[in-house]
Amino acid sequence: MDLNDQMQGSRREWWRHAVTYQIYVRSFADADGDGIGDLPGITARLEHVRDLGVDAIWLNPFYPSPQHDHGYDVADYCDIDPLFGTLADADAMVERAHELGLKVIIDLVPNHTSNEHPWFQAALAAGPGSPERDRYLFRDSPGGPPNNWKSVFGGPAWTQVEAGPGEEGQWYLHLFDSTQPDLNWRNPEVGDMFVDVLRFWLDRGVDGFRVDVAHGLFKAEDLRDQIVVPGHERMSGASAGESMVERTDVDEPMWDQPEVHEVYRRWHEVLAKYDGDRMMVAEAWTQSPESMARYIRPDEFSQAFNFAWLLAPWSAEDFTRVITGTFEAVDQVGATPTWVLSNHDVDRHPSRYGGGARGLARARAATLTMLALPGSAYLYQGEELGLEQVEVEPEFRSDPLWFRTGNPGRDGCRVPMPWSGSAPPFGFGPTGGQPWIPQPAEWSELTVAAQAADPASTLAFYRAALAARRTFSETAGEGIELVEAGTDVVCFRRGPITVALNCGTEPVALPPGEVLIASGPVGEKLPPDTAAWLG
Ligand code: NOJ
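Residues numbered from 1 in each chain as written. Predicted model: local features only at pLDDT ≥ 70, side-chain atom pairs only at ≥ 80, totals over all residues. Heavy atoms only, no water.

Looking now at the pairing of strand β8 (residues 279-282). Alternating residues of β8 divide into M279 and V281 and M280 and A282, and every residue in both groups is buried. Here four bridges tie strand β7 (residues 208-211) to β8, and the two strands are oriented parallel to one another. What sits directly across from G208, in β8, is M279. (Buried < 20%, exposed > 50% of the residue type's maximum accessible area, 1.4 Å probe, protein only. Helix = DSSP H or I, 4+ residues; strand = E, 2+ residues; numbered from the N terminus. Pairing = 2+ DSSP bridges.)

Below, the discussion takes up the site of the ligand. The full set close to the ligand counts 14 residues, and D69, R210, D212, H344 and D345 are the nearest of them. In the environment of the ligand, an oxygen atom lies 2.7 Å from a nitrogen or oxygen atom belonging to the side chain of D212. For the ligand, whose accessible area on its own is 300 Å², the fraction buried by protein is 100%. Residues belonging to the shell around the ligand are distributed by class as follows: five nonpolar, two polar and seven charged. (Near = heavy atom within 4 Å. Polar contact = N/O pair within 3.5 Å; in protein donor to acceptor, adjacent residues only side chain to side chain. Areas by Shrake-Rupley, 256 points an atom, 1.4 Å probe, with all protein chains shown as cover. Nonpolar A, V, L, I, M, F, W, Y, C, P; charged D, E, K, R; others polar.)

Before going further, it helps to examine the packing of aromatic side chains. Enumeration over the complete set of coordinates arrives at 31 aromatic pairs. With a centroid separation of 4.4 Å and an interplanar angle of 55°, the aromatic rings of Y264 and F301 are classed as tilted. With Y264 in helix α5 (residues 260-272) and F301 in the loop between α6 (289-293) and β9 (303-304), the pair connects residues that are 37 residues apart, well separated along the chain. You can call F301 buried: its relative accessible area is 2%. Among the aromatic residues, ring-to-ring pairing joins F62, Y63, Y77, W185, F194, F200, W201, Y264, W267, Y295 and F301 into one connected group. It is R133 that lies over the ring of F138; its NZ or CZ is 4.6 Å from the centre. (Phe/Tyr/Trp six-rings, centres within 6.5 Å; stacked < 30°, edge-to-face > 60°. Lys NZ or Arg CZ within 6 Å of the ring centre and 35° of its normal.)

Let's shift gears to the nonpolar core. Within the largest apolar cluster, 145 residues are counted, with the highest numbers of intra-cluster contacts made by F209, Y264 and W267. Per-element accounting of this core gives the leading share, eight residues, to helix α4 (residues 188-203). Grouped together as the second largest cluster of nonpolar side chains are 15 residues, V152, A157, W171 and M254 included. (Core = buried A, V, L, I, M, F, W, Y, C linked by side-chain atoms within 4.5 Å.)

Within the fold, H174 resides in the loop between β6 (171-173) and α4. By relative accessible area, H174 is classed as buried at 0%. Among the polar contacts made by the side chain of H174, one reaches the side chain of T159 at a distance of 2.7 Å.

With that settled, the discussion passes to the packing of α4 against α5. Contact pair α4 / α5: the axes reach a minimum separation of 11 Å and the direction vectors enclose 25°. Taken as axis vectors, α4 and α5 run roughly parallel relative to one another. Classified by chirality, the crossing of α5 by α4 is right-handed. Where α4 approaches α5, its residues G191, D192, F194, V195, L198, R199 and L202 are matched on the opposing element by R266, W267, V270 and L271. Counted by class, the contact of α4 with α5 contains seven nonpolar, one polar and three charged residues. (Axes fitted to C-alpha atoms, helices over the stretch in contact; angles between N-to-C directions. Parallel < 35°, antiparallel > 145°, perpendicular 65-115°, else oblique. Left-handed = near helix turned anticlockwise from the far one by under 90°. Contact = heavy atoms within 4.5 Å.)

The subject of this paragraph is the sheet that holds strand β16 (residues 515-518). Judged by pairing direction, the sheet is antiparallel, and its five strands sit side by side in the order β12-β13-β14-β18-β16 without closing on themselves. Of all strands in the sheet, those bounded by a partner on one side alone are β12 (481-482) and β16. Both β12 and strand β13 (residues 489-494) contribute to a ladder of two bridges, which runs antiparallel. Bridge assignment links E481 to a residue of β13, and that residue is R493. Helix α8 (residues 316-332) rests against β12, β13 and β14 (497-502) of the sheet, and its axis sits at about 35° to β13. Packed on one face of the sheet, helix α10 (residues 356-372) meets β13, β14, β16 and β18 (530-534) and runs near 30° to β18.

If you want it as structure tokens, here you go:
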């Protein structure tokens, strides 16, 4: 594969080659000692992010919310939940980030509101047939739900509301929890409201938006049944572990409808009126790289998360397939790719790769490979410490997936960060405070302070890899060339460097050149579960 180097003109926007660090607000740093992270906590810890060597931060939702899905159930899009602080705290956080040279991306949740949002409360009060109900997807359906759709979090995607006198209650659609009613994007009021929300935050200085469930806004107009072929189900969006498989043969009248693109063209124009290359990145669990590419046409999103990379198993063949498919897809629309291995919805990648020393070695190797690829990369807080998925005791679980299905859910990748000290809360909050999920005692060896002092640590490795990326990526261009290196090895050249990742069980010959950086010890050969950059 040989791709043209087009680093000119409009292709120099900051986000095209940025590394963004995802901050899970409730688990990053707790300034007020209530056991839950907050904005002042983030502001106080931003130097860690700067020292890591990334370009931007993305914050998970911080809006007023009853927190049934940790803020993805928004009750007011233009304020801050008192749990996390105030609008003044948000302004201070953005200002500090900018002082440190970090861009700020915030989360926008347009597919659904909270059931406590004033619009939904008004819809309940106003009753069937009202303009208030038309902002959501309410239907009459005597005797059962209007169709066979399932919630991503398990169970039916419909809930019946209480009936008024002499009526049968209507049903409303929620593709996620019943506390997250889906908006009716065919109602123009909905689109207008979100344009106001975009402007509200752009005026406050944010640099971009991560758009939640970007593929979900429109549903097939007739809300027809989904054709379900046993064994061919797919969990789109927030689901955990192995339920997230890439499928291309699933009927999905609730996702990825063509009308959605008009929304993003409008948003693109809104952003374009601001200075500083404001951006938006789509969380769109589409069925293929080709369908993902439709979201990143030049007049829509700046970029979309490339979940195919995160979903790939530990296999050179699969990684190579994803790399090739990604470039083919983004190239069709003149976009740049993104790469991600962990986020707040999936098991942390050292655990996905088997856990323990081997899982960590593989995780470091996959990360180093990812950081050499053209495009931008997303890191999730705690991966720079090599944190693994935690088995959270049931009493501390709060994921709606757990409550609706009994699947342990996503809390295990959301455990508060260990910063320093030898016992919980490891500097996450004031001593004596209890983090909302208990941290494992073994994390005493994995704190930021412990790893900063150890040149062999995962933190030191991330800092070195990000520094190395900075020195070469400006000039290395947007193309790569795949190199044949055997079935167990991913190998490519990008500008002056060659990258090799050994997914096999035997050491393999290193490509020619001097080792610039490696994910683990390297001798004459490249050991299994190791990656290296050579130049
Ligand atoms: C995707 C988010 O990443 C996830 O955490 C959330 O539960 C769903 N969207 C619903 O908003």
